[in-house]
Amino acid sequence: MLHVITYGHPVLRKKAKSIAKMDAKIEKMIGDMVYTMRNNRIKGCGLAAPQVGVSLRIAVVEPSENQLIYLINPEILSKKGSHFDTEGCLSIPGVYGSVERSTEIQYSSLNIHTGKKELFQANGFTARIIQHEMDHLNGVLFTDYIPNLDSLEFIKGERIPPKLLQKYSDQKQ
Ligand SMILES: [Zn+2]
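Now for a quick tour of the structure. Just so it is clear, the model here is predicted, and its values are computed rather than measured. (Residues numbered from 1 in each chain as written. Predicted model: local features only at pLDDT ≥ 70, side-chain atom pairs only at ≥ 80, totals over all residues.)

As a further point, take the overall build of the protein chain. Broken down by element type, the protein chain carries three helices and nine strands. Going from N to C terminus, the protein chain has its helices and strands arranged as α-β-β-β-β-β-β-β-β-α-β-α. By the compact-globule yardstick of 16 Å for 173 residues, the protein chain fits well, its C-alpha radius of gyration being 16 Å. With the C-alpha coordinates aligned to their principal axes, the bounding extent of the protein chain is approximately 50 × 35 × 30 Å. The 173 residues of the protein chain split such that 30% are buried. Partitioning the contacts of the protein chain with sequence separation of at least 6, the portion at a separation of at least 24 is 66%. (Helix = DSSP H or I, 4+ residues; strand = E, 2+ residues; numbered from the N terminus. Rg over C-alpha atoms; globule rule 2.2 N^0.38 Å. Buried ≥ 20, exposed ≤ 12 C-beta atoms within 10 Å, placed from the backbone. Contact = placed C-beta atoms within 7 Å.)

Written out as C-alpha cells, the structure reads:
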C-alpha cells in the first residue's frame, strides 16, 4: 500500500515527467498504485503517480469493477461535448464539487506490456476520470475549477485541508 499525498504537498502542483520506457520497476509501481486505489480508506476510481509522491506521467483508472485502464505518458488528442458532474479526489478526502469535463475524448497511452503508443476513445464517467487524472500530471486539482468555498461539499468528520481554505479566504481579500 502506497501513501497517498494530500492537498498542500508541492508534488501535487508539479508538472510530471514522461517515462523514457516501460521497465520492471515502473510495472511494479503501477501494480502498487492499482492496489492503493482499490484499498485506500476511501476507495478510488483513479490514482495518478504524483498522488503517491512520484512525479511521472502515469495514472490508473477503474471506472467499474471489470475495467482497469493504464495511462502511461497519456495525451488527449481531441475532446467533444461538455457536462458537469460531481468529483472527489483521494488527495482531498471528503471534499466534492461539480466540474465541467468533455463528454468524449480521444487519447493516446503507452501499452503497459509492449511500451508502444496506442490510441483510445472514452466517454462519460470514464472520460471524466481520465481528464481528472491527466490534470494531476500537470499539477491541476479539481478544486482549481471550483470558484468558491460554497460550491464545495464537505463530508462530516473529514478534515478540510487548511491550504484549501486558505486559497478561498485569500481570494476574498
Ligand atoms: Zn484526484
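There's more to say after this.
What follows deals with unusual backbone geometry. The residue Asn-73 is not glycine, and still its phi comes out positive at about 50°. On the secondary structure map, Asn-73 appears in the loop between strand 3 (67-72) and strand 4 (75-80). What makes Asn-73 buried here is the crowd of 20 C-beta atoms within 10 Å.

Before going further, it helps to examine the sheet that holds strand 6 (residues 95-101). Spatial strand order, 5-6-9: three strands in an open sheet with antiparallel pairing. The sheet terminates laterally at strand 5 (83-87) and strand 9 (152-154), the two strands that pair on one side only. The average angle at which neighbouring strand axes cross in this sheet is 25°, direction not considered. Sheet topology note: the strand 6/strand 9 ladder contains three bridges and is antiparallel. Looking at the pairing, Tyr-96 lines up with Glu-153 of strand 9. (Pairing = 2+ DSSP bridges. Axes fitted to C-alpha atoms, helices over the stretch in contact; angles between N-to-C directions.)

In the sheet, strand 5 pairs with strand 6 via five bridges, with the strands oriented antiparallel. Bridge pairing in strand 6 links Phe-84 to Glu-100.

A separate point is the nonpolar core. Within the largest apolar cluster, 31 residues are counted, with the highest numbers of intra-cluster contacts made by Ala-59 and Ile-130. At the level of elements, helix 1 (24-39), strand 1 (46-48), strand 2 (58-64), strand 3, strand 7 (104-110) and helix 2 (124-137) are the ones that each hand at least two residues to this core. Looking at this core, the element that brings in the most residues is helix 2, giving five residues. Setting aside residues up to four positions removed in sequence, Ala-59 forms contacts with Gly-46, Leu-47, Ala-48, Ala-49, Leu-71, Glu-133, His-136 and Leu-137. (Core = buried A, V, L, I, M, F, W, Y, C linked by C-beta atoms within 7 Å.)

What follows is about helix 1. The end-to-end C-alpha separation of helix 1 is 23 Å, in line with the 22 Å expected for 16 residues at 1.5 Å each. Turning to helix 1, its buried residues are Ile-26, Ile-30, Met-33 and Met-37. What you see down the axis of helix 1 is that its buried residues fit within an arc of 55°, all on one side. Along helix 1, the residues that are exposed and aim more than 90 degrees away from the buried face are Ala-24, Lys-25, Lys-28, Gly-31 and Asn-39. Elements that come into contact with the buried residues of helix 1 comprise strand 1, strand 2 and strand 3. (Expected span 1.5 Å × (residues − 1). Arc of directions from axis to C-beta.)

This next bit is on helix 2. Compared with an ideal rise of 1.5 Å per residue, which puts 14 residues at 20 Å, helix 2 spans 21 Å between its outermost C-alpha atoms and is within 8% of the ideal. Every buried residue of helix 2 is accounted for by Thr-126, Ala-127, Arg-128, Ile-129, Ile-130, Gln-131, His-132, Glu-133, Met-134, His-136 and Leu-137. A positive backbone phi angle near 75° is found at Gly-139, which sits one or two residues after helix 2.

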